Amino acid sequence: MTSTETPLRRLPHWDMTPIYAALDSPEFAAAFRHVLDALDELYRLADRYGIRRREQRDVEAHTVEAFEAVTRRLNALREDVQTVDAYLSAFVTTDSRNDAAQSKLSELETKLVDLQKLETRYQAWLGSLDVEALLERSSMAREHAFALRKAAVEAQHQMGEPEEDLAASLNLSGALAWGKLHGNVTSRIMVPVHFPASRSGKPRGKTEDLPMSAVRGLAHDPDPAVRKAAYDAELKAWPTVAVPLAAAMNGIKGQVNTLNARRGWHDALDPVLFANNVDRATLDAMHEACLESFPDFRRYLRAKARLLGKRALPWWDLFAPVGGPEAERHWELGEAVDFVSTHFGTYSERLAGLARRAFRERWIDAEPRNGKRDGAFCMPVRGVESRVLLNYEPSFNSVQTLAHELGHAYHNVNLAKRTP
């Protein structure tokens, strides 16, 4: 998980040792045990206060006491779970063959089913209360007003408690398992790429086995022969795993659609819009704006084809770098670091400082490699700390991706004082 070399001389791996010394360290074992014990304590507390759907909507002193005690413990547990889960995910997403991390993450996920069940009970309980009356009587409730009003609505879309418990239990071998399979399969694909012309000193006709993440990154290479070779290789590689990936997609969406219908959502979009606080009118407006922009995109792509000397734009040239020396040259990571930090500074020194800290403290895992997930993401770990995964290749696109993910890290800084 850590690199002994200077991060800017090779593509860095993130450093998780400031969180826990090692996966088998006493510190991590204690944190893991604490999460399990805290969950058991929270269950006992919820049972003692009768946290589940009820008929009486009145908010009494006992109700306020129950809300504040359970919410305080739930917030604390969620923060601890976030750190332990992020720590394990940091290993699994960068090396899907790490059996020790996979096993420990599966153990955590099994226990988190109980947390999901308890949160469903908590939500149902809130939905059966007069939330506005609770807001009047509790300052803690007012601090969580948005979440409480949202929970009251979501409680209306719950099945019965036994059905929700069953759905949570089956998720382990359902959508969660299918999602894990998808990630494990895609992270392990090695693609033979045949480079027809010299590239970085490689002789003509050289074939190199690369992770899929690295192959996809070659779509931004300045050399058209490299882009074409990567495109051809990718098209040959995906069909070799088409069956498990299609099964994963069908399994995930099949479960989600079935549960959405049983929970009374109008269609598959409704719960997604609700979760993201977007109403249907806003989505429709965004959709319409996209459709209206299509002629501009097509005009841009035709212009790009002409710029590349083509009558029409081949798919492998879709992401070809154009726009002058800055866009078309190779960007080493050190240059990307300086560029992003400098331009962040034009917005605020606080943002630039966050970027410099991320590089200095090695929050970033940039090297594409076999067993590592494709794409990019930023995950909160604890407090203001995040970790950023990307598969860096020396193009301006990767510079933009780096800036984008660090933007999420800055968002996490600003959310750090808010409770889960």
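The structure we're discussing is the one just above.
Here's a quick rundown of the structure. (Residues numbered from 1 in each chain as written. Predicted model: local features only at pLDDT ≥ 70, side-chain atom pairs only at ≥ 80, totals over all residues. Heavy atoms only, no water.)

## Some thoughts on the overall build of the protein chain
And step 1. Regarding its fold elements, the protein chain presents 17 helices and 5 strands.
And step 2. C-alpha atoms of the protein chain, sized along the principal axes, occupy 75 × 50 × 45 Å.
And step 3. For the protein chain, contacts bridging at least 24 residues in sequence account for 67% of all contacts bridging at least 6.
And step 4. In the form shown here, the protein chain has an accessible surface area of approximately 22,200 Å², with 55% of it arising from carbon and sulfur atoms.
And step 5. The distance from the centre of the 55 positive side-chain charges to the centre of the 58 negative ones in the protein chain is 4 Å. (Helix = DSSP H or I, 4+ residues; strand = E, 2+ residues; numbered from the N terminus. Contact = heavy atoms within 4.5 Å. Areas by Shrake-Rupley, 256 points an atom, 1.4 Å probe, with all protein chains shown as cover. Lys, Arg positive; Asp, Glu negative; His and termini not counted. Charge placed at Lys NZ, Arg CZ, Asp CG, Glu CD.)

## What to know about a nonpolar patch on the surface
And step 1. A grouping of L291, F294 and F297 is seen on the molecular surface, where their side chains present a nonpolar patch of about 290 Å² in accessible area.
And step 2. The residue L291 is located in helix α13 (residues 280–307) in this model. (Patch = residues over 30% accessible without salt bridge, like charges linked within 9 Å, V, L, I, M, F, W, Y side chains within 5 Å. Salt bridge = Lys/Arg side-chain N within 4 Å of Asp/Glu carboxyl O.)

## Here we look at a negative patch on the surface
And step 1. Together, D279, D284, E288 and E292 line one region of the surface with negative charge.
And step 2. With respect to the helices and strands, the residue E288 is situated in helix α13.

## Considerations on the packing of helix α2 (residues 61–94) against helix α3 (residues 99–127)
And step 1. For the pair α2 and α3, interaxial distance at closest approach is 11 Å and the crossing angle is 155 degrees. One element, α2, and the other, α3, form an angle in the roughly antiparallel class. Judged by the twist between their axes, the crossing of α2 over α3 is left-handed. (Axes fitted to C-alpha atoms, helices over the stretch in contact; angles between N-to-C directions. Parallel < 35°, antiparallel > 145°, perpendicular 65-115°, else oblique. Left-handed = near helix turned anticlockwise from the far one by under 90°.)

## Remarks on the side chain of T186
And step 1. Relative to the assigned elements, T186 resides in helix α8 (residues 175–187).
And step 2. Taking the relative accessible area as the measure of exposure, T186 reaches 16% and is therefore buried.
And step 3. One polar contact links the side chain of T186 to the main-chain carbonyl oxygen of H182, over a distance of 2.8 Å.
And step 4. Filtering out sequence-adjacent residues up to four positions away, T186 remains in contact with W238 and L245. (Buried < 20%, exposed > 50% of the residue type's maximum accessible area, 1.4 Å probe, protein only. Polar contact = N/O pair within 3.5 Å; in protein donor to acceptor, adjacent residues only side chain to side chain.)

## Comments concerning α13
And step 1. Here α13 is 28 residues long and its end C-alpha atoms lie 40 Å apart, about the 40 Å a rise of 1.5 Å per residue gives.
And step 2. Buried within α13 are the following residues: S293, K304 and A305.
And step 3. Among the residues of α13, the N-terminal cap falls to D279, whose side-chain oxygen and the backbone nitrogen of A281 are separated by 3.3 Å.
And step 4. Positive phi appears at G309, one or two residues downstream of α13, with a value of about 75 degrees. (Expected span 1.5 Å × (residues − 1).)

## Things to note about the sheet that holds strand β3 (residues 364–365)
And step 1. With respect to topology, 3 strands assemble into an open sheet ordered β3-β5-β4, the strand pairing being mixed. Lying at the two open borders of the sheet, with one neighbouring strand each, are β3 and β4 (377–382).
And step 2. Pairing geometry for β4 and strand β5 (residues 385–389), over 5 bridges, is antiparallel. The partner of R382 across the bridge, within β5, is E385.
And step 3. Strands in contact with helix α17 (residues 396–415) are β3, β4 and β5; relative to β4, the strand with the most contacts, it is inclined by about 30 degrees. (Pairing = 2+ DSSP bridges.)

## Observations concerning the environment of F146
And step 1. Structurally, the position occupied by F146 is in helix α6 (residues 145–155).
And step 2. In sequence terms F146 and L166 are 20 residues apart; their C-alpha atoms lie 28 Å from each other.

## Quick word on unusual backbone geometry
And step 1. Positive phi, normally seen in glycine, also occurs at N277, with a value near 60 degrees.
And step 2. Relative to the elements of secondary structure, N277 occurs in the loop between α12 (269–275) and α13.
And step 3. Located in the positive-phi region is R362, a residue other than glycine, with phi close to 55 degrees.
And step 4. With respect to the helices and strands, the residue R362 is situated in the loop between α16 (349–360) and β3.
And step 5. A residue is classified by how much of its surface remains accessible, and R362, at 17% relative accessible area, is buried.

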